[in-house]
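# Summary of structural features
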2 protein chains.
Amino acid sequence: MQLPSDLRPLTPERPEPYRPLLTDAARPATFDVPAVDEHGGVRSVAVAGEHPLTIYVDKQELLTLMTLGGAPEALAIGYLRNQRLVDSIDDIVSVQVDWDTHACAIVTRNGLADLEAKTGRRTKTTGCGQGTMFGDLMDDLDRVRLPGTARLTQATLYDLLERVRHHETIYKQAGAVHGCALAANGDGAAPILMFVEDVGRHNAVDAIAGRMWLDRMTGADKIFYTTGRLTSEMVIKAAQMGIPFLASRSGLTQMGYEIAQKVGLTMIGRAVNTHYLLFTGSDRFVR
Amino acid sequence: MQLPSDLRPLTPERPEPYRPLLTDAARPATFDVPAVDEHGGVRSVAVAGEHPLTIYVDKQELLTLMTLGGAPEALAIGYLRNQRLVDSIDDIVSVQVDWDTHACAIVTRNGLADLEAKTGRRTKTTGCGQGTMFGDLMDDLDRVRLPGTARLTQATLYDLLERVRHHETIYKQAGAVHGCALAANGDGAAPILMFVEDVGRHNAVDAIAGRMWLDRMTGADKIFYTTGRLTSEMVIKAAQMGIPFLASRSGLTQMGYEIAQKVGLTMIGRAVNTHYLLFTGSDRFVR
């Protein structure tokens, strides 16, 4: 398969891109707790971690996320990206996570874009891991342009579903998390480039958005997979990341459907093994 | 079985309780959209509704919820209750939902309690349907008192799981929703008193909290069931409603476990058919 441009080796024309100063403060994914089963037997059960992480931007408290803590730096960056509070990874100087104080200190070059306006309206969104999207849910959607020429073949989709099925997950150990995968859209092959799980669906999406920025990855030649439901916010975030293909093993909502149609996203639900339902953007899908 | 006091007939000693003026503006639960399956067949698929509902309290915009819209008045009341923005149903004069403007206008007797302080801190919570809980997640938890004498028998739990399994649900039609049930804790029987589904887990919980207030239901003699994960916010809300028993077919998070222990809630996860895991509050559970 042809590797996406951002996976090709660095060259003098493509030197190591800028990266903010980052900590690497992942938390253990699971913790064992005792439980009594229906037979009265006591057993140790692995449960998913859940930790408050308060994000400070330029020393100002922004919000507290509840997270599994597997990729806190990428999560914080992706949160700022998906909330459209920063315009570019180049605007972020450093992201430092300290679990002793449950704090994530972010230093920006120029402060947050339009924070007052964006924090002025609170929209609690659906079934998501964070809930609030500052500002209007529909902000900027008109500006989203997804590549019309991108194609996804059924063989590539099946390959992705097979890879996801075999992926080692926290969910298999402990449940109570949602997973998101970013995969390359190859010719019949969809290697998983990132796989993030979190107690909140949208934390997982945001962490991938953050890592895409850090790794200078484009969305146009990728596929986004989520274990979660295709609600309005999930569709909006995929579109904002410039990813034309969104697949989920779960169902969708009416508003997720309408937004996917509006932005021309190819959305596939109930995708398990060799079954799926193609809901929108069928012009990009090749059976 | 002995009926909980709030289910017994009204008497002169127990006259019809005060109710705010309410609209009854439920939305259709599902909408049909076309989809193409893996065989290329076009079919009509039912998907769950998702609608923005902007809550205005005393003409001031509070926030916008994304909801299935099945019980918008109870949802709005329960949201104010669970966010501890109003202290009693008696403080709410009217709740009027208008889907043409996607607005829910609430009139209170004395305004919102401590709104500035509570909106001052934003905590995005985990895997939830709304996300933000204003104020400190742990606020008031020290004040929660759950009845130490309440007991749940395994037979009653199994009866509840059986009733939930046979309950007609939107989930069975369309997926993409979470369900919550409030059941009476009878002797071997757990009749479902309320069953609410929503695209957001926490909308369903809040709608039940709102209806409990409207119907003057106590929590002490009830069981709360959710299809969703037992995260910190879910446990906090059950405890705030005064319900000593929380059961889910899903798993839990470490913080959900710790909070359930702290408040002495009896928490049961992975509860399906005759299987379950009793995690906390085992002194209240009778096998």
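Fair warning: this is a prediction, and the values are worked out from it, not measured in the lab. (Residues numbered from 1 in each chain as written. Chains lettered and ligands numbered in written order. Predicted model: local features only at pLDDT ≥ 70, side-chain atom pairs only at ≥ 80, totals over all residues. Heavy atoms only, no water.)

### What to know about the domain arrangement of chain A
It is common to give the size of an interface as the accessible area lost on bringing the parts into contact. Residues and elements named next belong to chain A. Domain annotation for chain A reports domain 1 (5–140) and domain 2 (143–286). Taken together, the 47 residues of domain 1 in the interface contact 42 residues of domain 2. Of the roughly 3500 Å² buried between domain 1 and domain 2, counting both surfaces, carbon and sulfur atoms make up 59%. Joining domain 1 to domain 2, the criterion identifies two salt bridges. Of the charged contacts in the structure, one is a salt bridge between Asp215 and Arg19, with a shortest N-O distance of 3.1 Å. Applying the counting criterion to the domain 1 and domain 2 interface returns eight residue pairs in polar contact (both at pLDDT 80 or more). The set of elements that each furnish at least two residues to the side of domain 1 that touches domain 2 consists of β3 (42–48), β5 (60–67) and α1 (72–82). The element contributing the most residues to the side of domain 1 that touches domain 2 is α1, with seven residues. (Domains from an automatic or database assignment. Contact = heavy atoms within 4.5 Å. Buried area = accessible area lost by both parts, 1.4 Å probe. Salt bridge = Lys/Arg side-chain N within 4 Å of Asp/Glu carboxyl O. Polar contact = N/O pair within 3.5 Å; in protein donor to acceptor, adjacent residues only side chain to side chain. Helix = DSSP H or I, 4+ residues; strand = E, 2+ residues; numbered from the N terminus.)

### Focus: the packing of helix α5 (residues 201–214) of chain B against helix α6 (residues 232–240) of chain B
Residue and element names in this part refer to chain B. Close contact between α5 and α6 brings their axes to 11 Å; oriented N to C, the two are set at 0 degrees. What the angle tells us is that α5 and α6 run roughly parallel. Along the contact surface, α5 presents Arg201, His202, Val205 and Asp206, while α6 presents Glu233, Met234 and Lys237. When its residues are assigned to classes, the contact of α5 with α6 shows two nonpolar, one polar and four charged. (Axes fitted to C-alpha atoms, helices over the stretch in contact; angles between N-to-C directions. Parallel < 35°, antiparallel > 145°, perpendicular 65-115°, else oblique. Nonpolar A, V, L, I, M, F, W, Y, C, P; charged D, E, K, R; others polar.)

### Structural notes on the environment of Tyr79 of chain B
Within the secondary structure, Tyr79 of chain B is located in helix α1 (residues 72–82). Considering only alpha carbons, one finds Tyr79 of chain B and Ile55 of chain B, 24 residues apart in sequence, at a separation of 9.9 Å.

### What to know about the confidence of the model for chain A
Residues and elements named next belong to chain A. Across chain A, pLDDT averages 88, with 87% of residues at or above 70. Here residues 125–135 scores under 50 on pLDDT; set against residues more than four positions off or in separate chains, the count is 80 contacts. For this predicted complex, the interface confidence comes out at an ipTM of 0.85, alongside a pTM of 0.88. (pLDDT = per-residue confidence, 0-100.)

### What about the sheet that holds strand β2 (residues 30–37) of chain B?
Note on sheets: strands pair through backbone hydrogen bonds, and any given pair is parallel or antiparallel. Overall, mixed pairing links the eight strands, which are arranged β12(A)-β11(A)-β13(A)-β14(A)-β15(A)-β16(A)-β2(B)-β3(B) in an open sheet. Strands with a single pairing partner mark the edges of an open sheet, and in this sheet they are β12 (192–198) of chain A together with β3 (42–48) of chain B. The average angle at which neighbouring strand axes cross in this sheet is 30 degrees, direction not considered. Inspection of the sheet shows β2 of chain B paired to β3 of chain B by seven bridges, in the antiparallel sense. Bridging across to β3 of chain B, Asp32 of chain B finds its partner in Ala46 of chain B. (Pairing = 2+ DSSP bridges.)

### Topic: the sheet that holds strand β11 (residues 178–184) of chain B
The strand order β3(A)-β2(A)-β16(B)-β15(B)-β14(B)-β13(B)-β11(B)-β12(B) describes an open sheet built from eight strands, whose pairing is mixed. Both outer strands of the open sheet, β3 of chain A together with β12 (192–198) of chain B, are each paired with one neighbouring strand and no more. Pairs of neighbouring strands in the sheet enclose a mean axial angle of 30 degrees, with direction left out of account. Across four bridges, strand β13 (residues 222–226) of chain B lies against strand β14 (residues 245–248) of chain B in parallel orientation. Bridge pairing links Ile223 of chain B to Phe245 of chain B in β14 of chain B.

### What about the pairing of strand β5 (residues 60–67) of chain B?
Residue and element names in this part refer to chain B. Within β5, six of the eight residues are buried, leaving the element largely enclosed by the surrounding structure. In this structure, strand β4 (residues 51–57) lies alongside β5, joined through seven bridges in antiparallel fashion. Residue pairing for β5: His51 is matched across the bridge by Thr67. Two successive antiparallel strands, β4 and β5, enclose a turn made up of two residues, where Asp58 displays a positive phi of approximately 50 degrees. (Buried < 20%, exposed > 50% of the residue type's maximum accessible area, 1.4 Å probe, protein only.)

### Comments concerning the packing of aromatic side chains
Applying the stated rule across the entire model yields four aromatic pairs over all chains. Through successive ring pairs, a cluster of aromatic residues spans Tyr158, Tyr276 and Phe285 of chain A. Directly above the aromatic system of Trp99 of chain B lies the positively charged group of Arg27 of chain B, at a separation of 5.3 Å from the ring centroid. A cation over an aromatic ring shows up here: Arg284 of chain B above the ring of Phe245 of chain B, its NZ or CZ 5.9 Å from the ring centre. (Phe/Tyr/Trp six-rings, centres within 6.5 Å; stacked < 30°, edge-to-face > 60°. Lys NZ or Arg CZ within 6 Å of the ring centre and 35° of its normal.)

### Topic: the pattern of salt bridges
Residues and elements named next belong to chain B. Going through the model one piece at a time under the given rule, you end up with 18 salt bridges over all chains. When the shortest N-O distance is used, the salt bridge between Glu162 and Arg165 registers 3.1 Å. Placement of the pair is Glu162 and Arg165 together in helix α3 (residues 154–166), with a separation of three residues, close to one helical turn. We classify Arg165 as partly exposed; its relative accessible area is 43%. Among the ionic pairs, Asp215 bridges to Arg211, the shortest N-O distance being 4.0 Å.

### Regarding the side chain of Arg229 of chain A
Locating Arg229 of chain A in the fold gives a position in the loop between β13 (222–226) and α6 (232–240). The side chain of Arg229 of chain A is buried and forms no salt bridge, while Asp198 of chain B, the nearest opposite charge, is found at 7.3 Å. Within the structure, the side chain of Arg229 of chain A is placed 2.9 Å from the backbone oxygen of Ala176 of chain B, a separation counted as a polar contact. (Lys, Arg positive; Asp, Glu negative; His and termini not counted.)

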